[in-house]
Amino acid sequence: MWLSKRFGTADKIAAEAGTVSVGGGSVIKTAATVQSEEVQNYAPYGYVAYAPDGEEILLINSAGATAGAGTKMKSENLSAGEISITSIGGAKIFLKRNGDVEINGFVFTKDGKLKNKKGEIVFDS
């Protein structure tokens, strides 16, 4: 009974926020309550991102390893169901709830039109 109680206690926090100290592809270094090296970085299938130094990241601790579950989202004016993808250099893809896709200010409408930054149609299929 004493053994089951002893092994049932958690000595480690399950998740905590940390900071990327050295960014990388799938393996990064982070600083939280304890500095971790070779943190495996996870994302939804098909997504690949290089977290820059200084970004806040969610760290999940498990038996013998720490995993990065993603960086903290920036606040943007999105409506429910919308998605925004932005690079550190300012490139942006915005999937709007009406079905349009905006790439760096150009809008591809769901009915096949291309609009410039002024909203003028520059291509109509």
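Data block above holds the structure.
Quick caveat: nothing in here was measured; it's all calculated off a predicted structure.

Engineer: Looking at this model, I keep getting lost on unusual backbone geometry. Mind explaining?
Structural biologist: A negative phi angle is the norm for most residues apart from glycine, just as the trans form is the norm for most peptide bonds. If you check the backbone angles, Asn104 has positive phi at about 50° while not being a glycine. With respect to the secondary-structure elements, Asn104 resides in the loop between β8 (101-103) and β9 (106-108).

Engineer: Quick question: what am I supposed to make of the packing of aromatic side chains here?
Structural biologist: Between two aromatic rings, the relevant description is the distance of the centres plus the angle of the planes. Throughout the structure, instances matching the rule amount to zero aromatic pairs. Lying over the aromatic face of Phe94, Lys92 brings its terminal NZ or CZ to 5.7 Å of the ring centre.

Engineer: Explain the sheet that holds strand β10 (residues 113-115) to me, please; I cannot follow it from the model alone.
Structural biologist: Sheets are built from strands that pair by backbone hydrogen bonding, the pairs being arranged parallel or antiparallel. Taken together, six strands build an open sheet; the order of strands is β6-β7-β8-β9-β10-β11 and the sheet is antiparallel. Of all strands in the sheet, those with a lone pairing partner are β6 (83-86) and β11 (121-124), marking the two edges. For this sheet, the mean angle separating the axes of adjacent strands, direction not counted, is 15°. Pairing of β9 with β10, which is carried by two bridges, proceeds in the antiparallel orientation. Of the residues in β10, the one forming a bridge with Val107 is Lys115.

Engineer: Sorry, what's going on with the pattern of salt bridges here?
Structural biologist: For side chains of opposite charge, pairing can occur when their charged atoms come near one another. One pass over the structure, following the stated rule, counts four salt bridges. Across the salt bridge formed by Glu76 and Lys92, the nearest N and O atoms sit 3.2 Å from each other. Of the two residues, Glu76 is situated in the loop between β5 (65-71) and β6 and Lys92 in strand β7 (residues 92-95); the sequence distance between them amounts to 16 residues. Its salt-bridge partner being Glu102, residue Lys96 comes within 3.3 Å of it at the nearest N-O pair. Residue classification places Glu102 among the partly exposed residues on the basis of a relative accessible area of 22%.

What counts and what doesn't
Residues numbered from 1 in each chain as written. Predicted model: local features only at pLDDT ≥ 70, side-chain atom pairs only at ≥ 80, totals over all residues. Heavy atoms only, no water. Helix = DSSP H or I, 4+ residues; strand = E, 2+ residues; numbered from the N terminus. Phe/Tyr/Trp six-rings, centres within 6.5 Å; stacked < 30°, edge-to-face > 60°. Lys NZ or Arg CZ within 6 Å of the ring centre and 35° of its normal. Pairing = 2+ DSSP bridges. Axes fitted to C-alpha atoms, helices over the stretch in contact; angles between N-to-C directions. Salt bridge = Lys/Arg side-chain N within 4 Å of Asp/Glu carboxyl O. Buried < 20%, exposed > 50% of the residue type's maximum accessible area, 1.4 Å probe, protein only.

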